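One letter stands for each residue in the lines below.
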Amino acid sequence: MAHYQVIIVGGGQAGLSASYCLKKENIKHLILDRGEIGDSWKKHRWDSFCLVTPNWQCRLPGFSYDGNDPKGFMLKDEIVDYVKRYAASFNPPIKGSVEVYKTYKKEGEDIFYIDTSIGKFTADKVIVATGAYHIPFMLPMGKKISKEVTQIHSADYKNPEQCAEGSVLVIGSGQSGAQIAEDLHIAGRKVYLSVGTAPRAPRTYRGKDSVEWLEEMGYYDRPIEMHPDPEEARHKTNHYLTGRDGGRDIDLRKLAMEGIELRGQIMDADDSNIIFQDDLKFNLDEADKTYNRIQSNIDEYIEINNIDAPKGEKYTAPWEPTRSNSLPVDLINENIKTIIWCTGFKVDYKWVEFPEIFDERGFPEYQRGVTKENGLYFIGLPWLHTWGSGRFSHVSQDAEYLAQHIINCFTENETAETCLNRR
């Protein structure tokens, strides 16, 4: 069995960032990935996908965005190219097309055993960098719907041409749901959208992209401990907006005025009918409250710091739901041939055989990515430490922290208890 000081499971931007930091310190390590570099962006995003954060926020360790459109939003193929060029810039030790079956420790030993499709490995430390989007989640009620209606998950959506002729029902209005609904609408398809509880954010306000304001205000650097509900923060749906065509708001009310049929959250289904909750107005109002709150926070920041900025225009709702927006949808009468479930993912860490580190949702418990199992770390998760964790903008900070934690443990030959106290 080959032995390494550190094995990283997952070769996306988080795993590569950790590798970069370890390689700088001459830590012998290996990345194991089930695919090839850039695969998750290439194979699990739709054709028109682009970043929702500006290119200038792409700053992986040692490799900040180097293109000529820092305020633009990279398209899918450009993201893949960026990640591949990052890997090429430092040549990480990586084995692709490898399935990791399990990682564990044997009784009385403090090294990790990693069983894979290419054999067994051992390591002093393991970094899990597989993200949090493992198993596409579709509500069980989908099984009641007629087999004549094609059902796919957002992870498998590519383009409008993929959908059968007829109308399309999109379930879920987070970033994926809102953007896919818009993608279908732009292509001239009749779209029904089941609106959930996702918040929304302004694309630009008072002369700048809102991301630029929030970065300047320190929002992305705020640690999880400052959040009023730290545990729930890690599971909240992201704000919906888009970087498409140079970036813009996604306003579901305006899309309704253009012909998209909005409904509340899905409640039940049978062979040919979908029943929705009567919560559409509430969900739209709550999303707008978040939008307005972001604007107000920017206003306050500008005023306190005496910044010269254009006057802001407050959002006012141009459309309100009517009784018809709470009615069930008859799949046959409305000619709905495709349903796209934009309902998120479940985590799958069954291969990490340390049940004591996971909560009741199956999500790992840690402080800044350091778990209570000596030598086991996580990176690339939402709110790993800050709001920016898990993004191109701040994964560098997390990688540098974990690398330093590991280096300290090695160089000082610390006990397990002392290493854990470094959290």
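Look up: the structure comes first, before these words.
These lines cover the structure that appears in this document, whether it is placed above or below.

So, how was this worked out
- Along each chain, residues carry numbers from 1 onward, in the same order as the chain's sequence is written.
- For this predicted model, a pLDDT threshold of at least 70 governs which residues receive local features, and a threshold of 80 or more governs which side-chain atom pairs are given and counted, while totals over whole chains, interfaces and linings are taken from all residues.
- In computing side-chain properties, one takes all heavy atoms of the structure into account and sets aside hydrogens as well as water.
- By definition, a salt bridge exists where a carboxyl oxygen of Asp or Glu is found within 4 Å of a side-chain nitrogen of Lys or Arg.
- Think of it this way: any DSSP run of H or I at least four residues long counts as a helix, any run of E at least two long counts as a strand, and we number them from the N terminus.
- For every residue, the accessible area obtained with a 1.4 Å probe (protein chains only) is divided by the maximum for its type, and the residue is called buried under 20%, exposed over 50%, and partly exposed between those limits.
- In this description, contact between two residues means that some pair of their heavy atoms is separated by no more than 4.5 Å.
- Strand pairing requires that DSSP identify at least two bridges connecting the strands.

1. A short note on the pattern of salt bridges
Point 1. On inspection of all chains with the given rule, the structure shows 27 salt bridges.
Point 2. Put simply, Lys 314 and Asp 299 hold a salt bridge, and the shortest N to O gap is 2.7 Å. Here Asp 299 lies in helix H8 (residues 280-304) and Lys 314 lies in the loop between H8 and strand E18 (329-330), a separation of 15 residues in the sequence.
Point 3. Overall, Asp 299 belongs to the buried group, its relative accessible area being 17%.
Point 4. Between Lys 350 and Asp 348 there is a salt bridge, with the nearest N and O atoms lying 2.9 Å from each other.
Point 5. The exposure class assigned to Lys 350 is exposed, which follows from its relative accessible area of 65%.
Point 6. Overall, Asp 348 belongs to the partly exposed group, its relative accessible area being 24%.

2. Some details on the environment of Leu 327
Point 1. Along the chain, Leu 327 falls in the loop between H8 and E18.
Point 2. Counting along the chain gives 202 residues from Leu 327 to Lys 125, while the straight-line C-alpha distance between them is 55 Å.
Point 3. Those residues in contact with Leu 327 that sit more than four places away from it in its chain are Arg 263 and Phe 276.

3. Some points on the sheet that holds E18
Pairing between sheet strands relies on hydrogen bonds along the backbone, with the strands arranged either parallel or antiparallel.
Point 1. Spatially, E16-E17-E18 is the arrangement adopted by the 3 strands of the open sheet, whose pairing is antiparallel. Each edge of the open sheet carries a strand with a single partner, namely strand E16 (266-269) and E18.
Point 2. Sheet analysis places E16 next to strand E17 (residues 273-276), joined by 3 bridges and oriented antiparallel. Paired with Asp 268 across the strands is Ile 275, a residue of E17.

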